[in-house]
Each structure stands twice: as structure tokens, then as C-alpha cells.
Amino acid sequence: MKKSLLILTGHTKGLGNAILERFLSLENTQIIAISRTGLEIQHPNLTEVHLDLSDLAGLEAHLSKIFPTGDFDEVMLVNNAGWIGEVKPVGKLHPKGIRQVMNLNLLAPMILTNAFAKAYSEVKGRKVICNISSGAAHKPLAGWGEYCSSKAGLAMFSQVAAKELSDSGFRVFSLAPGIVDTEMQAEIRAADESDFPALDRFKSYKESNQLSSAAEVAEKIFYLLTHSELFPEVLQDVRNFKLP
Ligand SMILES: NC(=O)c1ccc[n+]([C@@H]2O[C@H](COP(=O)([O-])OP(=O)(O)OC[C@H]3O[C@@H](n4cnc5c(N)ncnc54)[C@H](OP(=O)(O)O)[C@@H]3O)[C@@H](O)[C@H]2O)c1
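Read on for a plain summary of the structure. Nothing here was measured: the structure is a model prediction, and the numbers come from that model.

On to the overall build of the chain, then. Check the secondary structure of the chain and you find seven helices and seven strands. Ordered by position in the sequence, the α and β elements of the chain form the string β-α-β-β-α-β-α-β-α-β-α-α-α-β. Here the chain has a C-alpha radius of gyration of 17 Å; the compact-globule value for 244 residues is 18 Å, and the two agree. When its C-alpha atoms are laid out on the principal axes, the chain stretches across 55 × 40 × 40 Å. By residue count, 52% of the 244 residues in the chain fall in the buried class. Partitioning the intrachain contacts of the chain with sequence separation of at least 6 by distance along the chain shows that 69% fall at a separation of at least 24. With the model as given, the accessible surface of the chain reaches about 11,800 Å², and the carbon-plus-sulfur share is 53%.

As C-alpha cells, then:
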């Protein structure tokens, strides 16, 4: 039977939790899941790692323990953990907030992608890195200077990594998940209107049921990960593909 490995960040809530649930339904996938907190579940395929990914020194110190060795036929990394950051205009941001969001949304995924590529270069089967980006990577939104910049950086890094790693068999994606009904959206709706001019639009998405569920987006991400050969482009948006 095929032996697979999934390394997933941000598995305790929202989209990451739905991705975790999808992979836990499989028999043969070993999962390393990284978040600050943990889940009250025991599963033979799941190993939880408690790490604050915005603490880069802590991440570097743990790095050698995150990537299991094994005779894997398929290896997948999903950099999903993220934060909207301070929803405030430039001039009202705090240096600590800027640092935290860039560390979590951009630098930790870069560090994990780099270590993953090194650890699994010899795997012969499917090797996929999926960095969860956002439509905001390509569209400036007032109040989201930290978030837009971090996701734009991640999208560019993914495109460079895709070029560099293709010869060794890795596929790299930067994936926008659409607007998903998670705590992150609740945090966005709690912003101050004077700091975030698009507040009413985001409130209306929720009121008019325009948000996707985390489970339906996770199903599409599962399909992308397990059928990567059908997706030639690095930049992906779940709103642009339908499940068969
Ligand atoms: N929701 C949307 O509409 C939307 C749209 C576009 C893109 N995205 C992207 O999709 C991804 C998932 O978002 P979501 O909406 O599911 O967010 P969420 O509900 O807020 O969940 C975030 C996850 O990341 C983990 N996390 C947060 N800070 C962390 C840290 N410092 N270290 C380690 N883990 C951390 C959280 O776990 P702990 O609290 O246990 O650490 C949680 O499991 C993010 O990258 C986000 O930018 C979301």
C-alpha cells in the first residue's frame, strides 16, 4: 500500500482543521501537524507539534524534529497557518505586529519549504508543496498592508521555488482559498471601519452567505494535492476549479 506523508501548519482551526480531517480519513497517511495549541484527539497517524511559527528561533531549533524519515511514496507540505495581521493603515502599525505577520505568513513557510525540499529530494513519487496564499497577494486593500505584503511575498517565493525544484520532481503551488467561513473572517469583520474602508463589504459576504465552508475548500485542496499533475500553473485559486 502507498505510504504518504503530510506536513500541515495551522491544523487546529478553520481551513487547516478541515484539511486535517480530510487526511485523517485515509489509512496510510502519516501527518505532522503544527500549531501553537493542540487538539483533544488521539489518532495513530497524527503527531502534533506545538510551535509558535512567528518565533523563528523556536522554529529553527525544532526543524530537525519536524521531518520524519521513512520510505514515503508521496510527500506533501501545506503551509496554511496564517494571520490577518493588524487591520490598520500604514502609520498606525506596530513594529511587533509587522514582524509577527511577516514571520508567520512569509518567513516560516519559506523556512519550512526549504527544509522540506532538502529532506525529501530523494523521494521518487509525488512531492507537493502548497502555500496557502490569498487573493490579497495580488490586490492591494487599504488596512491590509501587512497581510497583502506577506501573501504577495509568499506567492513570489512559491513561483521561484517551483522553477528551482521542478527538476527534482517537486510541484509548488501558491493557492488562494477564496473567502472561507473561519475565525479569520470574524476577526476581519471586527475591524474598525475607520481603519478598514472595505468593512461593510466583508460584513455583507457573511450576511449574504457568500463564504465557502472550510470543508468544501479542503476537499478542493485535497484534490489539488493528490492530482497535482492536472494543475500546471503555480498560482491557483480554488474558485477557478471544480471537483470532477
Ligand atoms: N478565511 C479566509 O477567508 C481566507 C482567505 C484567504 C486566505 N486565507 C488563508 O488561509 C489560511 C488559513 O486561514 P483560516 O481562515 O483557516 O485561519 P484561522 O481560522 O484563524 O486558523 C489559523 C490557524 O493557524 C494557526 N496559527 C495561527 N497563528 C499561529 C502561530 N503563530 N503559530 C502556529 N500556528 C498558528 C492557528 O492555530 P493556533 O491558534 O492553535 O496556533 C489555526 O490553526 C491562512 O493562511 C489565511 O491567510 C484565509
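Right, let's talk about unusual backbone geometry for a bit. Of note, the phi angle at asparagine 209 is positive, near 55°, even though the residue is not glycine. Its location among the elements puts asparagine 209 in the loop between helix H6 (199-207) and helix H7 (214-226). A residue is classified by how much of its surface remains accessible, and asparagine 209, at 70% relative accessible area, is exposed.

All right, on to the site of the ligand then. Surveying the vicinity of the ligand reveals 30 residues, the closest of which are Thr37, Asn80, Tyr147, Thr182 and Gln185. Within the side chain of aspartate 52, an N or O atom sits 2.8 Å from a nitrogen atom of the ligand. Contact between the ligand and leucine 53: a nitrogen atom at 2.9 Å from a main-chain N or O atom of the residue. About the coverage of the ligand: the protein hides 94% of its 890 Å² of free accessible area.

The subject of this paragraph is the sheet that holds strand S5 (residues 126-132). Strand pairing in a sheet takes place through backbone hydrogen bonds and is either antiparallel or parallel in direction. One open sheet holds the seven strands; their spatial order is S3-S2-S1-S4-S5-S6-S7, and the pairing between them is parallel. Of all the strands in the sheet, just strand S3 (46-50) and strand S7 (235-237) have a single pairing partner and so form its edges. Pairs of neighbouring strands in the sheet enclose a mean axial angle of 20°, with direction left out of account. The pairing of strand S1 (residues 4-9) with strand S4 (residues 74-79) spans five bridges and is classified as parallel. Note that in S4 the partner of serine 4 across the bridge is glutamate 74.

A cluster of like negative charges, contributed by Asp192, Glu193, Asp200 and Glu207, occupies part of the molecular surface. Among the residues examined, aspartate 192 registers a relative accessible area of 44% and is labelled partly exposed.

What follows concerns the packing of helix H1 (residues 14-24) against H7. Viewed as axis vectors pointing N to C, H1 and H7 meet at an angle of 60°, and their least axial separation amounts to 8 Å. The orientation of H1 relative to H7 falls into the category oblique. Seen along the crossing, H1 lies across H7 with a hand that is right-handed. Residues Gly14, Leu15, Ala18, Ile19, Arg22 and Phe23 of H1 form the contact with H7, whose participating residues are Ala214, Ala215, Val217, Ala218, Glu219, Ile221, Phe222 and Leu225. Looking at the contact of H1 with H7, its residues break down into 11 nonpolar, one polar and two charged.

Rules of the game
- Residues numbered from 1 in each chain as written.
- Predicted model: local features only at pLDDT ≥ 70, side-chain atom pairs only at ≥ 80, totals over all residues.
- Heavy atoms only, no water.
- Helix = DSSP H or I, 4+ residues; strand = E, 2+ residues; numbered from the N terminus.
- Rg over C-alpha atoms; globule rule 2.2 N^0.38 Å.
- Buried < 20%, exposed > 50% of the residue type's maximum accessible area, 1.4 Å probe, protein only.
- Contact = heavy atoms within 4.5 Å.
- Areas by Shrake-Rupley, 256 points an atom, 1.4 Å probe, with all protein chains shown as cover.
- Near = heavy atom within 4 Å.
- Polar contact = N/O pair within 3.5 Å; in protein donor to acceptor, adjacent residues only side chain to side chain.
- Pairing = 2+ DSSP bridges.
- Axes fitted to C-alpha atoms, helices over the stretch in contact; angles between N-to-C directions.
- Patch = residues over 30% accessible without salt bridge, like charges linked within 9 Å, V, L, I, M, F, W, Y side chains within 5 Å.
- Salt bridge = Lys/Arg side-chain N within 4 Å of Asp/Glu carboxyl O.
- Lys, Arg positive; Asp, Glu negative; His and termini not counted.
- Charge placed at Lys NZ, Arg CZ, Asp CG, Glu CD.
- Parallel < 35°, antiparallel > 145°, perpendicular 65-115°, else oblique.
- Left-handed = near helix turned anticlockwise from the far one by under 90°.
- Nonpolar A, V, L, I, M, F, W, Y, C, P; charged D, E, K, R; others polar.

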